[in-house]
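# Per-entry structural report
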Amino acid sequence: MAVNEETEEAGPFVERVAALDIGKAGLVACLRVPSGIGSGRRRQEVTEYTTMTDDLVALADHLICQGVELVVMEATSSYWKPPFYVLEAAGLKVWLVNARHVKNLPGRPKTDKIDAVWLCKVAERGMCSPSFVPDKPLRRLRNLTRYRSALVHEATREKQRLEKLLEDAQVKLSVVASDILGVSGRAMLDALIAGHRDPGALAELARGRMRPKRGELRRAFTGEFDDHHAMLARMMLEHIDQLAARVAALDTEIAAAVAEIDPGGPPAGVDPATGEIPADADEAEATAPGATAAEAARLGLAERLAEIPGLGPAAARVVIAEVGTDTSRFPTPDHLASWAGLAPQARESAGKAKPAKTGKGNRYLAGALGQAVLALARTQTFYGVRYRRIRARRGRQKAVVAVSRSILVTVWHLLDDPDARYRELGADYFDKRADPARQAAGHVRQLERLGFQVALTPREQPAA
């Protein structure tokens, strides 16, 4: 079947465009503008600059004098940030593009100049699209949440080092206690470091649910913990305490930054009598509000996102930092899922669809959503049941990705409607929507494949 369409290929889509090939110490700028009135030719200028601020300001002034409409640069490590921020502050329209989307043709020579010229030609023809770069308040919030994530990971690694040290000393505390730094575990470790080596005395420090395990704790503390173990363990615990204090300080700063981005306020469009807003089916149903207008007015975006099972306040702030609060950048939930790397990429050839994997997305967002999924994996909630259903058919990893996408769809609806509230659909959501006749037919087919002949007889309903 023929498909006829009209396309416009004559001339550039952007008349005055510049592209930057960026390195750590320097960059190559390619400028392409019309050569003259009515000539139809292009003038190309390639210049090298350092990435020092004064040179970047000079580059911005030059581009403004040339009337540049668009500046394009690749996302090269974190080296793109100084040029991007300086040009953005100068009032220029700046695009950050994915390097994989504008890669030069294979087999051609590669230099900084050639890369800059190629990127400039790609941009002037409208053959690239910008990546999502948040505004300044959101960038500040990202710095805080990402550093907090790094500190939490470092604290986990230090805890693992401490556990390995105890194994080296033949102390098997981690076999008995699920958390060696809980109330009981920390009290025992502090006493052990202070010089108390009697297993019975250490076991008596157990509290709460650890008290019945005192016999096992005596055996666990029978080892060869000496002074050099004590010194290393003390340093590790001090490091863990320092990291915890920094995380707590960051939590305060993050809460203030979120309040600056989303101060909240009275809702608009909520029925004051019922406090309800119609919700769509399936995943969008989970965003239907379940509170009155007065209750919704007291909740900001972070609090509404934290109502999603497994997410919590810390993860909700990470979602805000990575996604932002403006859904205009992501017209539909599918756009957001694709940007986050939670949607399979299309792979079709010769009319046949091939197995596709998800693309690379935002690892901080994926990490927060993945932790939320694992937290609710055993819960009797809509997402918990959805996770277990998919895991049984497709495996754990695909279940994590699928449920992460479902949570992100709910996040999009909560961002799009400032009055929406999360409403739990319940663990029986899928059972209520199931077709009994279809389920029965499936079971009959399974039994017939096993060699049985099946006849179904409806059960008589008891008299009312």
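Here goes a summary of the coordinates provided.

Basis of the calculations
Residues numbered from 1 in each chain as written. Predicted model: local features only at pLDDT ≥ 70, side-chain atom pairs only at ≥ 80, totals over all residues. Heavy atoms only, no water. Helix = DSSP H or I, 4+ residues; strand = E, 2+ residues; numbered from the N terminus. Contact = heavy atoms within 4.5 Å. Areas by Shrake-Rupley, 256 points an atom, 1.4 Å probe, with all protein chains shown as cover. Pairing = 2+ DSSP bridges. Axes fitted to C-alpha atoms, helices over the stretch in contact; angles between N-to-C directions. Core = buried A, V, L, I, M, F, W, Y, C linked by side-chain atoms within 4.5 Å. Buried < 20%, exposed > 50% of the residue type's maximum accessible area, 1.4 Å probe, protein only. Phe/Tyr/Trp six-rings, centres within 6.5 Å; stacked < 30°, edge-to-face > 60°. Parallel < 35°, antiparallel > 145°, perpendicular 65-115°, else oblique. Left-handed = near helix turned anticlockwise from the far one by under 90°. Nonpolar A, V, L, I, M, F, W, Y, C, P; charged D, E, K, R; others polar. Salt bridge = Lys/Arg side-chain N within 4 Å of Asp/Glu carboxyl O. Expected span 1.5 Å × (residues − 1).

A few words on the overall build of the protein chain. Looking only at helices and strands, the protein chain has 18 helices and seven strands in total. In the protein chain, the proportion of contacts linking residues at least 24 apart, taken out of those at least 6 apart, comes to 62%. Within the structure as shown, the protein chain displays about 27300 Å² of accessible surface, and the carbon and sulfur contribution to it stands at 51%.

Here we take up the sheet that holds strand S3 (residues 42-50). Spatially, the five strands line up as an open sheet ordered S3-S2-S1-S4-S5, and their pairing is mixed. Only two strands of the sheet have a single partner each, and these edge strands are S3 and strand S5 (94-97). Going from strand to strand, the sheet's axes swing by 20° on average, the running direction of each strand aside. Relative to S3, strand S2 (residues 26-34) is paired through nine bridges, and the arrangement is antiparallel. What sits directly across from alanine 29, in S3, is threonine 47. Here helix H2 (residues 81-89) sits on the sheet in contact with strand S1 (17-22), S2, strand S4 (70-74) and S5, set at roughly 155° to S5.

A general tendency of soluble globular proteins is for nonpolar side chains to be buried together. Ranked by size, the top nonpolar core spans 52 residues in total, and within it Leu305 and Ile407 carry the most contacts. Those elements giving two or more residues to this core turn out to be helix H4 (136-168), helix H9 (227-261), helix H11 (301-306), helix H12 (312-323), helix H14 (363-375), helix H15 (382-394), helix H16 (396-416) and helix H17 (429-433). Here this core takes nine residues from H16, the largest share from any one element. Those residues in contact with leucine 305 that sit more than four places away from it in its chain are Leu311, Ala316, Val319, Ile320, Val411 and Leu414. Grouped together as the second largest cluster of nonpolar side chains are 26 residues, Leu162, Ala177, Ala191 and Ala233 included.

For any two aromatic rings, the description comes down to two numbers: the centre-to-centre distance and the angle of the planes. On inspection of all chains with the given rule, the structure shows eleven aromatic pairs. Between phenylalanine 132 and phenylalanine 330, the ring centres sit 5.6 Å apart and the planes meet at 75°, which makes this aromatic pair edge-to-face. With phenylalanine 132 in the loop between helix H3 (112-124) and H4 and phenylalanine 330 in the loop between H12 and helix H13 (333-339), the pair connects residues that are 198 residues apart, well separated along the chain. Here phenylalanine 132 and phenylalanine 330 have matching classes, each one buried.

This brings us to the packing of helix H6 (residues 183-193) against H9. Running from amino to carboxyl end, H6 crosses H9 at an angle of 140°, the nearest separation of the two axes being 9 Å. Taken together, the axes of H6 and H9 are oblique relative to one another. Once H6 is placed against H9, the crossing between them reads as left-handed. From H6, Arg186, Leu189, Asp190 and Ile193 reach across to H9, where they touch Ala230, Ala233, Arg234, Leu237 and Asp241. Class assignment of the residues belonging to the contact of H6 with H9 gives a composition of five nonpolar, no polar and four charged.

Despite not being glycine, serine 77 shows a phi value in the positive range, around 50°. Note on placement: serine 77 falls in the loop between S4 and H2. The phi torsion at glutamine 170 lies on the positive side, around 65°, for a residue other than glycine. Positionally, glutamine 170 belongs in the loop between H4 and helix H5 (173-176).

In this structure, tyrosine 85 sits in helix H2. Take tyrosine 85: its relative accessible area is 29%, and that puts it in the partly exposed class. As for tyrosine 85 and lysine 136, which are separated by 51 residues in sequence, their C-alpha atoms are 9.3 Å apart. When residues no more than four places from it in sequence are discounted, the contact partners of tyrosine 85 are Trp80 and Arg139.

In this structure the tally under the stated criterion is 21 salt bridges. With a closest N to O distance of 3.6 Å, aspartate 227 and arginine 197 form a salt bridge. Of this pair, aspartate 227 sits in helix H9 while arginine 197 sits in the loop between H6 and helix H7 (199-203); the two residues are 30 residues apart in sequence, bridging distant segments of the chain. Its salt-bridge partner being arginine 218, residue glutamate 204 comes within 3.6 Å of it at the nearest N-O pair. With glutamate 204 in the loop between H7 and helix H8 (214-220) and arginine 218 in helix H8, the pair connects residues that are 14 residues apart, well separated along the chain. One connected set of salt bridges, linked through shared partners, spans Glu154, Arg157, Glu158 and Arg161.

Attention shifts here to the environment of phenylalanine 225. Mapped onto the fold, phenylalanine 225 is located in the loop between H8 and H9. Under the relative-accessibility criterion, phenylalanine 225 is labelled buried at 9%. For the pair phenylalanine 225 and aspartate 168, spaced 57 residues apart in the sequence, the C-alpha separation amounts to 8.5 Å. Non-local contacts of phenylalanine 225, meaning those with residues more than four positions away in its chain, are made with Leu166, Ala169, Val171, Leu192, Arg197, Ala230 and Ala233.

A word on H15. For H15, built from 13 residues, the straight-helix expectation of 18 Å at 1.5 Å per residue is met to within 8% by its first-to-last C-alpha distance of 18 Å. The secondary structure elements touched by the buried residues of H15 are H14, H16 and H17. One or two steps after H15, the chain reaches glycine 395, where phi turns positive at roughly 105°.

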